[in-house]
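Survey of secondary and tertiary structure
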Amino acid sequence: MNQISTHDAKEASIDDLLKSLSSSETGLSVAEAEHRLREVGPNEIVEKKANPIVKFLLYFWGPIPWMIEAAAVISIIIHHISDFFIISALLLMNAVVGFWQEHKADNAIELLKKRLAPTARVLRDGSWKEVPARDLVPGDIVRVRLGDIVPADLKLIEGDYLQIDESALTGESLPVEKHVPDVAYSGSVIHQGEMNALVATTGMNTYFGKTASLVEEARTESHFQKAIVKIGDYLIALAVALVVLIFMVAMYRHESMVETLQFALVLTVAAIPAALPAVLSVTMAIGATALAKKEAIVSKLVSIEEMAGMDILCSDKTGTITKNQLTVGEVDLFGKFKDTELLLYGALASREEDKDPIDLAIIKKTKTMKEVAEELPGCKVLNFKPFDPVSKRTEATVVDKNGNQFKISKGAPQVILDLVENKDDMKGELEDDVDSFATRGYRALGVARTDAKDTWHYVGLISLYDPPREDSAETIQTAQSMGAEVKMVTGDHVAIAKEIAGQVNLGTNIVEASSFLDKPDSEAQEIVEKADGFAQVFPEHKFRIVGLLQARGHIVGMTGDGVNDAPALKKADAGVAVAGATDAAKSAADIVLTSPGLSVIIDSIKESRKIFQRMTNYAIYRMAETIRVLLFITASIVVFKFYPVTALMIVLLALLNDFPIMTIAYDNVRYSTTPERWNMRTILGIATFLGIIGVFSSFGIFYLGYVTLHLSREILQSFIYLKLSVAGHLTVFVARTKGPFWSVKPALPLLGAVLITQLIATLIVVYGFLLPAMGWNLALLVWGYALALFVITDFMKVRLYKLLDHTGIIFKR
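The paragraphs below set out a description of the structure included in this document. Quantities reported herein were computed from a predicted structural model and do not represent experimental measurements.

Some points on the overall build of the chain
Across its full length, the chain holds 29 helices and 21 strands. Across the 813 residues in the chain, those meeting the buried criterion constitute 55%. Within the chain, contacts between residues separated by at least 24 positions form 71% of all contacts whose residues are at least 6 apart in sequence. Carbon and sulfur atoms make up 58% of the accessible area of the chain, which totals about 34600 Å².

Okay, here's the thing in structure tokens:
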């Protein structure tokens, strides 16, 4: 193939480029096209981002803070000026902390997006290089091939054809065939073919105004997040019901409606999980960063929940279970051909710059064979048709050193057999040879060439071996111990699949795709569910496999790397693009692996389950706290005609206790040995149990201060406030484990946040900074009482979990 320098291409193609861009297809005039060519600079992926000032103001005037603001305004009306300034300062602190935490989460997501940015093969300084697509400039020569996402608007200048899927851009479902000098548009997907092209426009200057975006918006709402929001709605509804009760009692007792309104507003604030958005954002972002460190980049954050619940993983054999380091083994010759000729033809039907593993293995082998290495430079490839999933072969038109022109094809043995005239005579022998290779774990590759009369002749078979990865057997065993069944998926022969499955301790019930394709759904579902793996699978079969397993109630993960894998990756609950996947596969996947092997996926499952548990722990804590505070305060007002805390105290509780809980995103947790499921009954049961215990313990401190110690009203309120504050954060350590609180050591950020905030709360009531001072003796009494009740509550929690486990009400965590 003639090499074209970047400079020459720019000079030679500029007129054609302007004409193509000004064609009726694009609707641009020549002047407009010239302007676009001259004005556009390096490609920049431009994304809409919220203005930082707007985001800060949303934290200050969002749906949660406005109630606190209303309480501050009412403080002025009732002449509680000090309360107004204190509440306003706390509200400002709320905005600053929330904005900063979400800003950090945004930064983490942006780093992940950069790692997922598409790349392009570009001709620079006489050699092909892979660079980020954003670095392309008009005039660059690029090569696009099967599975690529077109990185810019391209003028096609060399090659046979491209089949391009422009459905994401035009809505047209059928692929469009393009030739020299057509334009390929940024964001479309190459389905077949390979061509060189000239970069016309990039970034936001492309015809469709965008490059492929591989990462969804960071805050796409998952089922788990929706459940958390439902919990928030439940807590708000509970608060509203209790506030209405308090108003009715206040009216009956002829109390001040303005003061009651102020108290009701801040009581509602206490019920709202104010840190919920920040906790979700920070936890997901930190979790995604942790996954990236394990070579798994989350392209859709909502997939973390699906990975945590995944119970079946359909894994590709090549490159995931095996090393994807193909080596040439034995060869099998037909007719009078020699082994050197077989490997020479195989090398000529390969192209090193495409980085195809099969091509690289054959080329590497020929370099070790002196006769073949000397023969190769004398042959010239006039035309090359790359491999595609439809034809399942490559084809090259070659002229040898004697001037003889002929064609060579390599590909699947049966496909190559269809080219030759005596295929019926050869069929039995060929199948025996392929089966013989397969029983030893070898994959067969057929090679054929034409003679002077353009008649195809089968040259022979090249065997290729891809050994299992050293860690595959152990990793599969780990996955099985975690309740995740691994099913192998391969396009290879059944015998090869069984041989590899036996080596990695998978079951050997390997079925061909044909065994379930034409079956009724119920029968096909049973076949697929019982199978240990699938052989002779085409990419379109993966879609069917995923659907059948999902119909059985499974959460399914599917790996893939090619453009035809994209539908299955999208349909799967957790689509995983393996290392080296095409841009099309990456864009469809939920998680993109940057390192080969099954262990990366298992690490992703473990990390996802940890993230899921942190969110569950937060849900239990938040619900238990709300039930405790709301029921205690309402009961005190209704039954004892006593406001146990002031409006300012509730604001302090809501802000000092809630926002430090964001450090739960860093907490230590043990990943579950079974797939995670959202079990609302368990969460509601545990949270209600802890909340009711908290109500009784709060009345205990009330009794101690009012009856035993005879504290004044103001001191008693400080006494109760400190208990609510300390016991509230101790509830975190009860909620975060199923076993005793010491069974999993808390992370230092969480422990530090709790100690610091409770030290601040203690100093406030000891020295009377914002609230009436009560001294160290009473403060230490509260701490001792709260710690004693904490130990008792934790013991009762462990007993409750055992009871629920015994009755089968909960899923194990």
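Structure shown, so let's carry the discussion forward.
A word on the nonpolar core
The biggest cluster of nonpolar side chains holds 61 residues, and the ones touching the most others in it are Ile720, Tyr721 and Met774. Put simply, the parts of the chain that give this core at least two residues each are α7 (223-252), α24 (598-640), α25 (647-658), α26 (680-708), α27 (713-735), α28 (748-767) and α29 (775-807). Broken down by element, the residue count for this core peaks at 13 residues, all from α27. Residues contacting Ile720, with those up to four places away along its chain left out, are Phe632, Phe642, Pro644, Val645, Ile701 and Phe702. One finds Met284, Ala288, Ala296 and Ala479 within the second-largest nonpolar core, a separate group that totals 38 residues.

Focus on the pairing of strand β9 (residues 312-316)
Judged by how many residues are buried, β9 sits mostly within the fold: 5 of 5 residues are covered. Here β9 shows no split at all, with Ile312, Cys314 and Asp316 on one side and Leu313 and Ser315 on the other all buried. Both β9 and strand β16 (residues 485-489) contribute to a ladder of 5 bridges, which runs parallel. By the bridge assignment for β16, Cys314 is matched with Lys487.

Things to note about α27
For α27, which comprises 23 residues, the first-to-last C-alpha distance of 32 Å matches the rise-based estimate of 33 Å (1.5 Å per residue) to within 8%. By the criterion of burial, α27 is predominantly enclosed, with 21 of the 23 residues buried.

Overview of the sheet that holds β16
Read from one edge of the open sheet, 8 strands run β8-β21-β20-β19-β9-β16-β18-β17, paired in mixed fashion. The sheet is open, and its two borders are formed by β8 (296-298) and β17 (510-512), each paired with just one other strand. Here the strands of the sheet are splayed against their neighbours by 20 degrees on average, with no regard to which way each runs. The pairing of strand β19 (residues 556-560) with strand β20 (residues 574-577) spans 4 bridges and is classified as parallel. The partner of Thr559 across the bridge, within β20, is Val576. Its contacts with the sheet put helix α18 (residues 494-503) on β16, β17 and β18 (533-535), and the angle it makes with β17 is roughly 160 degrees. The strands touched by helix α20 (residues 521-530) are β16, β17 and β18; relative to β16, the strand with the most contacts, the crossing angle is about 105 degrees.

A few points about the packing of aromatic side chains
Two numbers describe a pair of aromatic rings. These are the distance of the centres and the angle of the planes. Applying the stated criterion across every chain yields a total of 15 aromatic pairs. Taken together, a centroid distance of 6.4 Å and an interplanar angle of 50 degrees make the contact between Phe699 and Phe702 tilted. Pair noted here: Phe699 and Phe702 are both in helix α26, with a separation of 3 residues, about one helical turn. A residue is classified by how much of its surface remains accessible, and Phe702, at 8% relative accessible area, is buried. Taking 5.1 Å as the distance between ring centres and 85 degrees as the angle between the ring planes, the aromatic pair formed by Phe741 and Trp742 counts as edge-to-face. The class of Trp742 is exposed, set by a relative accessible area of 62%. The ring of Tyr442 has Arg440 sitting right over it, with the charged end atom 5.7 Å from the ring centre.

A few points about α28
Here α28 spans 28 Å end to end across 20 residues, near enough to the 28 Å set by a 1.5 Å rise per residue. Considered for burial, the residues of α28 that qualify are Leu750, Ala753, Val754, Thr757, Gln758, Ala761, Thr762, Ile764, Val765 and Val766. The positive-phi residue at the C-terminal boundary of α28 is Gly768, with phi of around 70 degrees.

Let's talk about the packing of α27 against α28
Two elements in contact, α27 and α28, have axes separated by 10 Å at closest approach and are oriented at 175 degrees. It follows that α27 is roughly antiparallel to α28 by the angle criterion. For the pair α27 and α28, contact is made by Ser718, Tyr721, Leu722, Ser725, Val726, His729, Val732 and Phe733 and by Leu750, Leu751, Val754, Thr757, Gln758, Ala761, Thr762 and Val765, respectively. Across the contact of α27 with α28, the residue classes tally to 10 nonpolar, 6 polar and no charged.

Some details on the environment of Leu684
Take Leu684: it is sitting in helix α26. Among the residues examined, Leu684 registers a relative accessible area of 30% and is labelled partly exposed. The spacing of Leu684 and Met623 is 61 residues in sequence and 7.8 Å in space, taken between C-alpha atoms. Leu684 has contacts with Tyr234 and Met623, leaving out every residue within four places of it along the chain.

Things to note about a negative patch on the surface
Taken together, Glu429, Glu431, Asp432 and Asp435 make up a surface patch of like negative charges. Relative to the helices and strands, Glu429 resides in helix α16 (residues 423-439). Judged by its relative accessible area of 42%, Glu429 is partly exposed.

Considerations on the sheet that holds strand β10 (residues 327-333)
Strand pairing within a sheet occurs via backbone hydrogen bonds; the two strands may be parallel or antiparallel. Taken together, the 6 strands give an open sheet; going across it, the order is β10-β15-β14-β13-β12-β11, and neighbouring strands pair in antiparallel fashion. Each having just a single partner strand, β10 and β11 (380-385) make up the two edges of the open sheet. Shown here is a sheet whose adjacent strand axes are inclined to one another by a mean of 25 degrees, direction ignored. Of the strand pairs in this sheet, β10 and strand β15 (residues 456-465) are connected by 5 bridges, and their pairing is antiparallel. Counterpart to Leu333 in the pairing with β15 is Gly460.

Here we look at the pairing of β19
Burial analysis of β19 places 5 of its 5 residues in the buried class, which makes it a mostly covered element. The pairing of β9 with β19 spans 3 bridges and is classified as parallel. By the bridge assignment, Cys314 is partnered in β19 with Met558.

Parameters and conventions
- Residues numbered from 1 in each chain as written.
- Predicted model: local features only at pLDDT ≥ 70, side-chain atom pairs only at ≥ 80, totals over all residues.
- Heavy atoms only, no water.
- Helix = DSSP H or I, 4+ residues; strand = E, 2+ residues; numbered from the N terminus.
- Buried < 20%, exposed > 50% of the residue type's maximum accessible area, 1.4 Å probe, protein only.
- Contact = heavy atoms within 4.5 Å.
- Areas by Shrake-Rupley, 256 points an atom, 1.4 Å probe, with all protein chains shown as cover.
- Core = buried A, V, L, I, M, F, W, Y, C linked by side-chain atoms within 4.5 Å.
- Pairing = 2+ DSSP bridges.
- Expected span 1.5 Å × (residues − 1).
- Axes fitted to C-alpha atoms, helices over the stretch in contact; angles between N-to-C directions.
- Phe/Tyr/Trp six-rings, centres within 6.5 Å; stacked < 30°, edge-to-face > 60°.
- Lys NZ or Arg CZ within 6 Å of the ring centre and 35° of its normal.
- Parallel < 35°, antiparallel > 145°, perpendicular 65-115°, else oblique.
- Nonpolar A, V, L, I, M, F, W, Y, C, P; charged D, E, K, R; others polar.
- Patch = residues over 30% accessible without salt bridge, like charges linked within 9 Å, V, L, I, M, F, W, Y side chains within 5 Å.
- Salt bridge = Lys/Arg side-chain N within 4 Å of Asp/Glu carboxyl O.
- Lys, Arg positive; Asp, Glu negative; His and termini not counted.
- Charge placed at Lys NZ, Arg CZ, Asp CG, Glu CD.

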